[in-house]
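Here is what each chain is made of, one letter per residue.
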Amino acid sequence: MKTYKNPDENGYYGEFGGAFVPEMLYPNVEELRKQYLDIINSAEFENEFRDLLKNYVGRATPLYFAKNLSKKYGSQIYLKREDLNHTGAHKINNALGQVLLAKKLGKKRIIAETGAGQHGVATATACALMNLECIVYMGEVDIARQAPNVGRMKMLGATVIPATSGSKTLKDAVNEALRDWINNATTTHYIIGSVVGPHPFPDLVARFQSVISEEIKWQLQEKIGRENPDYVIACVGGGSNAAGTFYHFVDEENVKLIAAEAGGFGLDSGKSAATTFLGTLGVLHGSKSIVMQTEDGQVIEPHSISAGLDYPGIGPFHANLFTQKRTEFYSITDEEALKSAFELTKIEGIIPALESAHALAVLEKKNFAKDEVVVICLSGRGDKDMETYLKNL
Amino acid sequence: MINNNTQHAASNVQPQKKLNIYFTAGVPKLEDTTEIMKVIQNSGADFMEIGMPYSDPVADGDVIQKAHEKALKNGMTMTHLFAQLKSLKDEIKIPVILMGYINPVLSFSFENFCRECAASGVSGLIIPDLPPIEFEKNYSALLKKYNLNFTFLVTPETSDERIKYLDSLSSGFLYAVSSSSTTGNENKEVKNEEYLDNLAQLDLKNPVFIGFGIKNKADFNSVTEKAAGGIIGTAFVKILMENENWQEKAGDFIRSIKN
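Residues numbered from 1 in each chain as written. Chains lettered and ligands numbered in written order. Predicted model: local features only at pLDDT ≥ 70, side-chain atom pairs only at ≥ 80, totals over all residues. Heavy atoms only, no water.

Peer 1: Teacher, can you tell me more about the sheet that holds strand S8 (residues 188-191) of chain A here?
Peer 2: Two strands in a sheet stick together by hydrogen bonds in their backbones, pointing the same way (parallel) or opposite ways (antiparallel). Residues and elements named next belong to chain A. Strand order in the open sheet formed by four strands is S7-S6-S5-S8, and the pairing between neighbours is parallel. Strands with a single pairing partner mark the edges of an open sheet, and in this sheet they are strand S7 (159-163) and S8. Neighbouring strand axes in the sheet, compared pairwise and without regard to direction, differ in orientation by 25° on average. Across the sheet, helix H8 (residues 170-183) touches strand S5 (109-114), strand S6 (133-139), S7 and S8, and the angle it forms with S5 is around 160°. (Pairing = 2+ DSSP bridges. Helix = DSSP H or I, 4+ residues; strand = E, 2+ residues; numbered from the N terminus. Axes fitted to C-alpha atoms, helices over the stretch in contact; angles between N-to-C directions. Contact = heavy atoms within 4.5 Å.)

Put into structure tokens, the structure is as follows:
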């Protein structure tokens, strides 16, 4: 059977992936590549990880039948409530997994990058729990627009270092984290927060996040007597929640996958982060994928109202799904995302993260049949975005 | 004509060690590239490495990162750089090596890029984020076709087996990074005798040039006790970026190291 899930031995999903790192990082990436599957597939690791997911994170997260939303859009809509995880987003699944892995690799120091702050908070939380030093790189612009999460990271004992180059957002935070890793290669593990970066990170992160689709399957079976929905929808910046939500459905050809990208002010505005619409083949942050870039191969600064989607590339897993036409991509503007966030809040009493609001906005763009089952990943909660919401009320 | 054979220039390592000077194309001003090349050659350097500006230079420290940013703001593109190189083709006799990241090269198309390099008198390439496995599979034949050298980096953490492998794929010289760090990191040890001794006893086919963190004559002399040459980047770029009349200071700096 054709599989989209796993990369080949060199870390490629179709033509995308690989490990484009300078020699200074090769030993680390190679150490990880050689060991990650053995470690994470061991019974000891599995038990420890599963126990934390259940008793610390609060999994399984509910698969909530959104009655009012379903009525409005004339279909059967379920929300996968990743917002109810400890720390408020799906990011904690990966952060705990990678911190456990780092401990097994004997690393004492953890670095991470963050956009919206959710991955930074999740990493700082996991490090506090396991007593590891934690440094989080965050764009200067994001530090300003995500103040509550910066406070949380500091309270959790992490050092937050501003990235001051480029657009001062997520892309630049990744650059700074990679520089730190080059300078501290032997002592440090870099917890990448999305399905980006050199192999094996995209695969590693997708596996840790795959708990989302694993749960959806048995939860749907319990609720409607079948484990496959008709549609699965998730937002994509780098693409970690989407990878986790698609993972166990990606080889089920009867399940339609939909990804929502951040269209910003619109595709022609020059202020967008809709990579599959605006990008071309390129190498960014260690892997070959689709990248927003000029004709000269200079990376274009992206824009999104949502800090977590403000990234000029997508992970190789998603780039492959896009070119294979396995996933349908939509570009959602800032305005459309805001509208969907307010709608969900009003009719279901759930304030979503701005990132997740992009996935919800697909409901306005696509017609579903009345009996079709649609699962949307609500990747995080909106507390961190309150300032933006209040400004746009 | 530019000497198109870096191997030849590197092989005559005694009595004087080879000095390779790096700068980023397009700084301090867009049209300074050719002037800087002349200064480097006329001051006695043996090689020059020209950095191709990139928006996301993750292996570089602050100084070179800022140089890339400024060069792009100044309007530097690969097309413009090739035009500058062609204009000096007959004047520059020391080997010219282009160094940069893979993404802009792929955007140019690797074959077109190599063709332009050959037409512009470039003798070799250094692309630190191009992994050897990709190089072997997709690119080494093109480099041969256009008679271009390719240099891989090794670090103190690179295993002997891998050093030999990277040496076997390299031509011109092997770039030994003094410590695993970004460029210009002043906190790391530049002199690493054990590492250099080890490289010396591996019987490599290429001469070893050591780079990263070398900022003056003392550093250069120290690292070249056991290596064929040294590469200076950040310290030289700093001179270009911090002095309005950089010509004299840049020349003096190179002479101070060579003499």
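Peer 1: Sorry if this is basic, but what is going on with the pattern of salt bridges here?
Peer 2: Close approach of charged atoms allows side chains with opposite charge to pair. All names here are of chain A. By the definition in use, this model includes 35 salt bridges over all chains. Between Asp172 and Lys171 there is a salt bridge, with the nearest N and O atoms lying 3.5 Å from each other. Exposure remark for Lys171: the relative accessible area of 1% places this residue in the buried category. In the salt-bridge network here, residues are joined through shared partners; they are Arg59, Lys80, Glu82 and Glu215. (Salt bridge = Lys/Arg side-chain N within 4 Å of Asp/Glu carboxyl O. Buried < 20%, exposed > 50% of the residue type's maximum accessible area, 1.4 Å probe, protein only.)

Peer 1: What's the story with the interface of chain A and chain B in this structure? I'm lost.
Peer 2: Every contact between the two is made by 31 residues of chain A and, on the other side, 38 residues of chain B. Interface area, chain A with chain B, both sides summed: about 2700 Å², of which 50% is carbon and sulfur. Together, Glu23, Met24 and Arg179 of chain A form the three largest contributors to the area buried by chain A at its contact with chain B, with a combined 24%. For the pair chain A and chain B, the interface holds two salt bridges. In this structure, the salt-bridge partner of Arg162 of chain B is Glu23 of chain A, at a minimum N-O distance of 2.9 Å. Of all the secondary-structure elements, those providing two or more residues to the side of chain A that touches chain B are helix H1 (26-40), H8 and strand S11 (280-284) of chain A. The dominant element in the side of chain A that touches chain B, judged by the number of residues it contributes, is H8 of chain A, at seven residues. When the residues that make up the side of chain A that touches chain B are grouped by side-chain class, the tally is 13 nonpolar, 11 polar and seven charged. (Buried area = accessible area lost by both parts, 1.4 Å probe. Nonpolar A, V, L, I, M, F, W, Y, C, P; charged D, E, K, R; others polar.)

Peer 1: How should the packing of aromatic side chains be read in this particular structure?
Peer 2: For any pair of aromatic rings, the description rests on two quantities: the centre-to-centre distance and the angle between the ring planes. Scanning the model with the defined rule gives 24 aromatic pairs over all chains in all. Centroid distance Phe150 of chain B to Phe152 of chain B: 5.0 Å. Interplanar angle 55°. Geometry classified as tilted. On the basis of relative accessible area, Phe150 of chain B is assigned to the buried category, the value being 1%. Classification of Phe152 of chain B by relative accessible area gives buried; the value is 5%. Consider the rings of Tyr175 of chain B and Phe212 of chain B, whose centres lie 5.9 Å apart with planes at 90°: the pair is edge-to-face. Placement of Tyr175 of chain B in strand S7 (residues 174-177) and of Phe212 of chain B in the loop between strand S8 (208-211) and helix H10 (217-223) is noted, with a sequence separation of 37 residues between them. By the burial criterion, Tyr175 of chain B is buried, and Phe212 of chain B matches it. Ring-pair connections join several aromatic residues into one group, and the members of that group are Phe45, Phe49 and Phe208 of chain A. (Phe/Tyr/Trp six-rings, centres within 6.5 Å; stacked < 30°, edge-to-face > 60°.)

Peer 1: Explain a nonpolar patch on the surface here, please?
Peer 2: Together, Ile351, Met386, Leu390 and Leu393 of chain A give the surface a local cluster of nonpolar side chains, amounting to about 410 Å² of exposed area. Residue position: Met386 of chain A is located in helix H17 (residues 386-391). (Patch = residues over 30% accessible without salt bridge, like charges linked within 9 Å, V, L, I, M, F, W, Y side chains within 5 Å. Areas by Shrake-Rupley, 256 points an atom, 1.4 Å probe, with all protein chains shown as cover.)

Peer 1: When you look at the nonpolar core in this model, what are you seeing that I'm missing?
Peer 2: One recurring pattern in soluble globular proteins: nonpolar side chains tend to sit buried together. Residues Ile40, Ile50, Leu98 and Phe236 of chain B are the most contacted members of the largest nonpolar core, which totals 184 residues. If sequence neighbours within four positions are ignored, Ile50 of chain B has contacts with Tyr22, Phe23, Ala25, Met37, Leu81, Leu85, Val96, Ile97, Leu98 and Met99 of chain B. In terms of nonpolar packing, the next biggest core, distinct from the first, is built from 33 residues, Ile77, Ala361, Leu363 and Leu378 of chain A among them. (Core = buried A, V, L, I, M, F, W, Y, C linked by side-chain atoms within 4.5 Å.)

Peer 1: Looking at this structure, I do not really get the pairing of S6 of chain A. What am I missing?
Peer 2: On a regular strand, one side chain projects to one face of the sheet and the next to the other, so that they alternate. All names here are of chain A. The element S6 is largely enclosed, with a buried count of six among its seven residues. Between the parallel elements S5 and S6, the chain passes through helix H5 (residues 118-130) in a crossover that is right-handed. The pairing of S6 with S7 spans five bridges and is parallel. For Ile135, the partnering residue across the bridge sits in S7 and is Thr159. (Right-handed = clockwise from strand over helix to strand, strands pointing away.)

Peer 1: Help me understand the packing of helix H2 (residues 33-42) of chain B against helix H12 (residues 246-258) of chain B, please; the structure alone is not making it clear to me.
Peer 2: When two helices pack together, their arrangement is given by the angle between the helix axes and by the axis-to-axis distance. Residues and elements named next belong to chain B. The interhelical angle for the contact between H2 and H12, taken along N-to-C directions, is 30°, at an axis separation of 9 Å. Between H2 and H12, the angle falls in the class roughly parallel. Crossing geometry of H2 relative to H12 is assigned as right-handed. Touching Glu35, Ile36, Val39 and Ile40 of H2 are Trp246, Gln247, Ala250, Gly251 and Ile254, all from H12. Grouping the amino acids of the contact of H2 with H12 by side-chain chemistry returns six nonpolar, two polar and one charged. (Parallel < 35°, antiparallel > 145°, perpendicular 65-115°, else oblique. Left-handed = near helix turned anticlockwise from the far one by under 90°.)

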